[in-house]
Amino acid sequence: MSAVLERFLRYVRFDTQSDERSSRYPSTEGQLLLLRDLVEELRAIGLSDAALDEHGYLMATLPATTTKASVPTIGFIAHVDTSPEMSGADVVPIVHRQYDGRDLHLPHADGVALRLGDVPDLAEQMGHDIVTASGTTLLGADDKAGVAEIVTAAEYLIEHPEIAHGAIRLAFTPDEEIGRGTEYFDVDRFGARCAYTMDGGSLGEVEMESFSADAMTVTFQGFNTHPGYAKGRMVNAVKVAADFIQSLPLDRLSPETTDGREGFVHPYVLDASVERTSVKLLIRDFATSGLLDKERWLTALAGTVCGRHPGARFESRIVESYRNMREVLEQHPTVVEYACEAVRAAGLDVRSRSIRGGTDGSRLSFMGLPTPNLFAGEHNFHSRLEWVSVQDMEKAVEVIVQLARIWEARS
Ligand SMILES: [Zn+2]
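Residues numbered from 1 in each chain as written. Predicted model: local features only at pLDDT ≥ 70, side-chain atom pairs only at ≥ 80, totals over all residues. Heavy atoms only, no water.

Caption draft 1: Region of interest: the sheet that holds strand β13 (residues 276–285). Sheet architecture is open: 4 strands sit in the order β12-β13-β11-β14, paired in antiparallel fashion. Every other strand in the sheet has two partners, leaving β12 (264–271) and β14 (313–322) as the edge strands with one partner each. Direction aside, the axes of adjacent strands within the sheet are offset by 20° on average. Strand direction decides the pairing type here: strand β11 (residues 212–221) and β14, joined by 9 bridges, are antiparallel. Paired with D214 across the bridge in β14 is E320. Those strands touched by helix α5 (residues 237–246) are β11, β12 and β13, and its axis lies near 20° from that of β13. The sheet contacts of helix α6 (residues 288–307) involve β11, β12, β13 and β14, and relative to β11 the element is tilted by about 10°. (Pairing = 2+ DSSP bridges. Helix = DSSP H or I, 4+ residues; strand = E, 2+ residues; numbered from the N terminus. Axes fitted to C-alpha atoms, helices over the stretch in contact; angles between N-to-C directions. Contact = heavy atoms within 4.5 Å.)

Caption draft 2: Inspection of the packing of aromatic side chains at higher detail. Across all of its chains, the model carries 10 aromatic pairs by this definition. Site record: aromatic cluster; members linked through ring pairs are Y25, Y57, Y184, F185 and F190. One residue, R261, lies across the ring of F286, its end atom 4.9 Å from the ring centre. (Phe/Tyr/Trp six-rings, centres within 6.5 Å; stacked < 30°, edge-to-face > 60°. Lys NZ or Arg CZ within 6 Å of the ring centre and 35° of its normal.)

Caption draft 3: Main features of the sheet that holds strand β10 (residues 205–210). Taken in spatial order, the 8 strands of this open sheet run β1-β2-β8-β3-β9-β16-β10-β15, and their pairing is mixed. Where the open sheet ends on each side, the last strands, each with one partner, are β1 (51–52) and β15 (351–355). Inspection of the sheet shows strand β3 (residues 74–79) paired to strand β8 (residues 168–173) by 6 bridges, in the parallel sense. Residue pairing across strands places H79 opposite T173, the latter belonging to β8.

Caption draft 4: Seen up close, the environment of L203. Position of L203 relative to the elements: it lies in the loop between β9 (194–200) and β10. You can call L203 buried: its relative accessible area is 19%. Between the C-alpha atoms of L203 and F375, which are 172 residues apart in sequence, the distance is 6.0 Å. Apart from residues no more than four positions distant in its own chain, L203 is found in contact with L348, D349, R351, F375, D392 and K395. (Buried < 20%, exposed > 50% of the residue type's maximum accessible area, 1.4 Å probe, protein only.)

Caption draft 5: The arrangement of the packing of helix α2 (residues 29–45) against helix α3 (residues 141–159) in detail. In the contact formed by α2 and α3, the axes pass within 10 Å of each other and the chain directions differ by 15°. With respect to each other, α2 and α3 are oriented roughly parallel. Note that α2 runs across α3; the crossing there is right-handed. Mapping the contact onto sequence places L34, L38, E41, L42 and I45 in α2 and K144, V147, V151, A154, E155 and I158 in α3. In terms of residue class, the contact of α2 with α3 is made up of 8 nonpolar, no polar and 3 charged. (Parallel < 35°, antiparallel > 145°, perpendicular 65-115°, else oblique. Left-handed = near helix turned anticlockwise from the far one by under 90°. Nonpolar A, V, L, I, M, F, W, Y, C, P; charged D, E, K, R; others polar.)

Caption draft 6: A look at the coordination of the zinc ion. Looking at the metal site, the zinc ion is ligated by H79 (NE2), D142 (OD), D199 (OD) and D199 (OD), spaced 1.9 to 2.4 Å from it. Of note is the zinc ion, whose 4 donor atoms meet at the metal with angles of 54 to 142° in an arrangement that counts as irregular. Mapped onto the polypeptide sequence, the residues donating to the zinc ion form the spacing pattern H-x62-D-x56-D. Separated by 120 residues along the polypeptide, H79 in strand β3 and D199 in strand β9 bring together distant segments of the chain. Note on H79: relative accessible area 2%, which makes it buried. D199 sits in the buried class, given a relative accessible area of 13%. (Donors = N, O, S within 2.8 Å, 3.2 Å for Na, K, Ca; no water. Tetrahedral: all angles 85-135°; square planar, octahedral: opposite > 155°, others 65-115°.)

Caption draft 7: Structural context of the pairing of strand β2 (residues 58–62). The element β2 is largely enclosed, with a buried count of 4 among its 5 residues. Alignment of β1 against β2, held across 2 bridges, turns out to be antiparallel. Bridged to A51 within β2 is M59. Taking the residues between adjacent antiparallel strands as the criterion, β1 and β2 are bridged by 5 residues, where G56 takes a positive phi near 90°. Here 5 bridges tie β2 to β8, and the two strands are oriented antiparallel to one another. Counterpart to M59 in the pairing with β8 is A171.

Caption draft 8: View of the nonpolar core. Counting residues in each nonpolar core, the largest one holds 73 residues, and the members touching the most others are F8, L38, L42, F76, F172 and Y196. Per-element accounting of this core gives the leading share, 11 residues, to helix α10 (residues 390–409). When sequence neighbours within four positions are dropped, the list of residues in contact with F76 reads I150, I168, R169, L170, A171, F190, Y196, M198, I400 and L403. Counting 20 residues, the second-largest nonpolar core is a separate cluster that includes M216, V235, L248 and A302. (Core = buried A, V, L, I, M, F, W, Y, C linked by side-chain atoms within 4.5 Å.)

Caption draft 9: Fine view of helix α8 (residues 333–345). Compared with the 18 Å implied by 1.5 Å per residue over 13 residues, the 18 Å span of α8 between its first and last C-alpha is a close match. Along α8, the residues that are buried comprise V335, V336, Y338, A339, C340, A342 and V343. Here the buried face of α8 lies against β9, β10, α7 (326–329), β16 (373–375) and α10. Where α8 ends, the next residue or the one after it, G347, has phi of about 85°, a positive value. (Expected span 1.5 Å × (residues − 1).)

Caption draft 10: Up close: the side chain of D129. Following the sequence through the fold, D129 ends up in the loop between β6 (113–114) and β7 (130–132). Note on D129: relative accessible area 9%, which makes it buried. Among the polar contacts listed, one links the side chain of D129 to the side chain of R97, at a separation of 3.2 Å. Once residues within four sequence positions are removed from consideration, D129 is found in contact with V95, H96, R97, Q98, V388, S389, V390 and Q391. (Polar contact = N/O pair within 3.5 Å; in protein donor to acceptor, adjacent residues only side chain to side chain.)

This is the structure:
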């Protein structure tokens, strides 16, 4: 069995689901179990400084083999947690050998299968070995594929000291799926000039662009009084908020009506009472100026709606979530150039895609560590139909090795 597959099958058996309701860090104990196991594994393959810090960040160093003093330290990063939206407990991975276009049945869910007609990406996988879960859980390729690829590449480089490379730092992080993966990431201690998250989808993908994102809360203030004696006095904030949401367009500006480079506004949580009702919204755009336009428009809309409900008032609050990493990566063009070169050196075509979301790299880039995202082979993530191809994972290992080599050769 290939080394990357063997590792991947081992890692997915750890239940590392993160939990946004938890106040601990990492949010769940299961993540620490895998992280501790990884410390042992990294030490066993020769990364003697592998260690976990008090927040659950695992960092380790692959020492340089180059004789040049000018080669910068680069990093590779993957997250160990899986999505809170789907169970990751008792995952039973299934390797479907030699895919030939047949339906891939998930035996623990009646009639559930991956079908070529529904999953066009499978057309590229003829002859490959496809790993799925069994139908009741996610698989966890997001991002245990990335973890397995990084460890396997590190092992390969240790076994091949004739490949000249600079120092390479590895980090495995918790709580990415709940947006807290970089909360305690110590960029100085990591000590790399740039890094690559291995957390993307299809073969050859190099992602240097993410959404810019804010979280907005619009709170409507009404007036509550005994409903039997409320005539002319009560102002029902529930109805004001409903009017606000009803005023959002149905045919545009929402997650369900946009794709490609379009942004959206997305009401996703209501905290409602007659006296006071808050609407939480996600605001997304590839241009930070587009975010501000959307926020101004929502603020004006809330004002118009309050005008229709005499006595109602509103306030809004905006918290920055993350920014399009392109703003940083454009200032460090070699980081992406070398990634594209590594993908081509592995015999693949480069696919550039704009991430309709954020990665840890979006935040890390603005924390001083330019970090584009590379393919890990993940598909249908956060779903019980999640799958990954063994041959794509092997290609990702090759890309990591090529990147190490190219940074040395160009320095
Ligand atoms: Zn991920």
